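# Structure at a glance
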Amino acid sequence: MSHLQYDFSGSQDMMSNSLAFESIFFLVVIILLIFQLRRRRVRFFGLVIMPLIMLLFSIPMVMPELSLGLLEIIFVGLGLIIGAGIGIAVGSMMEVQVDEKDGSMLLKGSILAVLLWAGIIGLKIFGKDFIKSIGVIDVGLVTSIFLMMAVGAMIARRGFVYWRYLQMKKAMAVPLNQ
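Residues numbered from 1 in each chain as written. Predicted model: local features only at pLDDT ≥ 70, side-chain atom pairs only at ≥ 80, totals over all residues. Heavy atoms only, no water.

## Some remarks on the nonpolar core
Of all hydrophobic cores here, the largest spans 22 residues; its most connected members are Val-76, Val-96, Met-105, Leu-107, Val-161 and Tyr-165. Broken down by secondary-structure element, the contributors of at least two residues to this core are α2 (44-66), α3 (70-93), β2 (95-98), β3 (105-108) and α6 (139-172). Looking at this core element by element, the count peaks at 11 residues for α6. (Core = buried A, V, L, I, M, F, W, Y, C linked by side-chain atoms within 4.5 Å. Buried < 20%, exposed > 50% of the residue type's maximum accessible area, 1.4 Å probe, protein only. Helix = DSSP H or I, 4+ residues; strand = E, 2+ residues; numbered from the N terminus.)

Set out below in structure tokens:
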């Protein structure tokens, strides 16, 4: 019967390594978000590439949840819609300007937008254990919902910011420089 005994001492090390990795990841995300507070010149390609990459990586992660049933599809879809609403709200808080010299977009994030993103990402990283302990909803479904919220928010925010930029360009009658 000794061959059926397991050594669980390594599982505690794995959990602490996972928490350390998630904490470092969260710190890196916070630093990247803080960089969003500076004014920067943004091109159309720069607005599109990250949401496209995020969407391509997210779809395979969400597909197993979508195959479970209609209720899961509705929840993930609602996550996408809620994320789009958050993205528009965050985009409306961002400062968009048009450079009068060349017509390029200057973008500056807001502290409220950074705090909102940090909260969502923190909940996704650190809240999964809490959700798992409740046992009411599947952790995979919850992470898929948050993932689609993040994708929806990123796409909507960047689309809203670009729309505002185009409106400002039209008002200034400056030729487009993408």
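Moving on from the model shown.
## Focus: the packing of α3 against α6
At a minimum axis separation of 6 Å, α3 and α6 run at an interaxial angle of 35 degrees. When you trace α3 past α6, the crossing you get is right-handed. A class-by-class count of the residues in the contact of α3 with α6 yields 16 nonpolar, 7 polar and 3 charged. (Axes fitted to C-alpha atoms, helices over the stretch in contact; angles between N-to-C directions. Left-handed = near helix turned anticlockwise from the far one by under 90°. Nonpolar A, V, L, I, M, F, W, Y, C, P; charged D, E, K, R; others polar.)

## A word on the confidence of the model for the chain
Within the chain, residue pLDDT values average 77, and 75% of them lie at 70 or more. By mean pLDDT, the top-scoring element of the chain is α3 (91), and the lowest-scoring one is helix α1 (residues 9-35) (67). Below a pLDDT of 50 lies the segment residues 1-11, which in the model reaches 0 contacts outside its immediate sequence neighbourhood of four places, other chains included. (pLDDT = per-residue confidence, 0-100. Contact = heavy atoms within 4.5 Å.)

## Here we look at the sheet that holds strand β1 (residues 40-42)
Judged by pairing direction, the sheet is antiparallel, and its 3 strands sit side by side in the order β1-β3-β2 without closing on themselves. Here the strands that pair on one side only, and so sit at the sheet edges, are β1 and β2. When strand polarity is set aside, the average angle formed by the axes of neighbouring strands in this sheet is 35 degrees. Note: β2 against β3, 4 bridges, orientation antiparallel. Pairing of Glu-95 across the sheet is with Lys-108, part of β3. (Pairing = 2+ DSSP bridges.)

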